[in-house]
Amino acid sequence: MSKLISGIHHVTAISGDTQRNIDFYTGVLGLYLVKQTVNFDYPEVYHFYFGDKQGTPGTIMTTFPYGEDARMGRHGKGKISTTAFSVPYLSLNYWLKRLEHFQILYKHPQERFSGSEVVVYFEDHDGMGIELIFNDADNREPITNGSVQSEYAILGIHHVELWLESYELTAALLTEQLNHKLISESSGTLRFGVENSPGKFVDLLGMPNSMKGLEGRGMVHHVAFSTSDEIKLKGLKENLLSYGIAPTSVRDRNYFKSIYFNEPGGILFEIATENPGFAVDEDPDRLGQSLKLPLQFEETRSSIEKKLIKFNYNPTEFKLLQ
Ligand code: ZN
């Protein structure tokens with residue numbers, strides 16, 4: 001029988017300006033805009049899904065661009081501090097040059113896990129913590145929307161990094177309920193994963209002396225783990241209930257079904273189904289090219305469209321001339 005959890009499904013963040021958000025994730029990073037829809041609870045704001053062309057679980061970063069006036073969040077314990085993307089080991093010089101070209105400040109490259117990976121940290125325009133993990137362990141297809149050459153392109157999400165008061169209870173939840181195991185440990189970072197491959201990792205850091213993190217612009221709102229279908233989702237929900245955690249009811253997010261719960265360190269976790277996926281309301285070859293609304297908003301589409309900020313999506317403008 002396949003595992004209940006197969007890895008990371010998506011990461012969702014709170015962002016600021018719409019155009020800068022599109023430019024950063026599709027232009028600088030080279031991800032596809034897989035879906036443009038709205039926040040189902042607040043339809044004046046977009047909900048963007050970025051990822052590979054099909055929106056495969058493990059490649060998806062989603063954002064709510066609330067505008068520059070949205071309250072800034074704060075990095076700290078009880079939050080996801082970093083979303084890491086996987087890139088080929090040989091692409092280090094290319095990415096440093098690329099970040100410099102787009103005037104994005106980055107921290108000097110560092111080795112992690114005995115040199116098996118090299119890490120470069122930088123932030124998006126809202127202060128969201130991003131890492132590129134240069135490694136040779138990722139066999140996924142490069143994500144190439146035209147802005148980054150395929151040999152250097154992002155391969156998907158690598159891991160998320162959680163800052164916690166203490167990691168023990170979160171580690172227990174991951175191993176006892178979400179079929180993770182300890183993969184490795186290095187300099188205070190404990191890496192858990194459903195298996196030892198990029199896109200399936202969760203890094204835990206005990207950070208008792210850090211300030212408490214605050215939700216807001218530039219912060220990850222939640223991480224979603226992937227399960228195959230609704231039967232497994234309901235099974236996970238029952239298991240969590242008997243473990244003493246109370247997830248929400250099953251929510252219909254159009255492209256997947258979900259439950260949400262706070263893990264013991266206070267970070268919001270979601271479990272999302274792999275089906276039906278992003279082609280449920282759009283031609284699979286034209287994903288992300290027009291605004292898609294759930295049925296309840298179709299009646300008021302024209303007034304919703306008027307309130308939404310227009311943006312340009314043209315990632316090839318971000319191609320670096322060699
Ligand atoms: Zn989500």
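Our structure is the block above this text.
An account of the accompanying structure is given in this report. Remember, predicted model here, so these are calculated numbers, not experimental data.

Along the chain, arginine 251 turns up in strand S14 (residues 251–252). On a C-alpha basis, the gap between arginine 251 and proline 57 in space is 18 Å, while along the polypeptide they are 194 residues apart. Once you skip the residues sitting within four places of it in the chain, arginine 251 turns out to touch Phe256, Lys257, Ser258 and Tyr260.

In a beta sheet, neighbouring strands pair by backbone hydrogen bonds and run either parallel or antiparallel. Pairing in this open sheet of eight strands is mixed, and the strands run S2-S3-S4-S1-S13-S16-S15-S14 from one edge to the other. The sheet is open, and its two borders are formed by strand S2 (32–39) and S14, each paired with just one other strand. Strand direction decides the pairing type here: S14 and strand S15 (residues 256–262), joined by two bridges, are antiparallel. Along S15, the bridge assignment pairs arginine 251 with serine 258. Where helix H1 (residues 18–28) meets the sheet, it contacts strand S1 (7–15), S2, strand S3 (42–51) and strand S4 (60–65), and its direction lies at approximately 10 degrees from that of S3.

This brings us to the packing of aromatic side chains. Counted according to the given criterion, the structure contains 18 aromatic pairs. The interplanar angle of 55 degrees and the centroid separation of 6.3 Å between the aromatic rings of phenylalanine 24 and phenylalanine 122 together place this pair among those described as tilted. Of this pair, phenylalanine 24 sits in helix H1 while phenylalanine 122 sits in strand S7 (residues 117–123), and the two are 98 residues apart along the sequence. Following the ring pairs from residue to residue traces out a cluster consisting of Phe24, Tyr25, Tyr46, Phe48, Phe50, Phe122 and Phe311. Taking NZ or CZ as reference, lysine 107 lies 4.8 Å from the ring centre of tyrosine 121, over its face. Above the ring of phenylalanine 201, the side-chain terminus of arginine 191 is found at 4.7 Å from the ring centroid.

Cut-off values and rules
- Residues numbered from 1 in each chain as written.
- Predicted model: local features only at pLDDT ≥ 70, side-chain atom pairs only at ≥ 80, totals over all residues.
- Heavy atoms only, no water.
- Helix = DSSP H or I, 4+ residues; strand = E, 2+ residues; numbered from the N terminus.
- Contact = heavy atoms within 4.5 Å.
- Pairing = 2+ DSSP bridges.
- Axes fitted to C-alpha atoms, helices over the stretch in contact; angles between N-to-C directions.
- Phe/Tyr/Trp six-rings, centres within 6.5 Å; stacked < 30°, edge-to-face > 60°.
- Lys NZ or Arg CZ within 6 Å of the ring centre and 35° of its normal.

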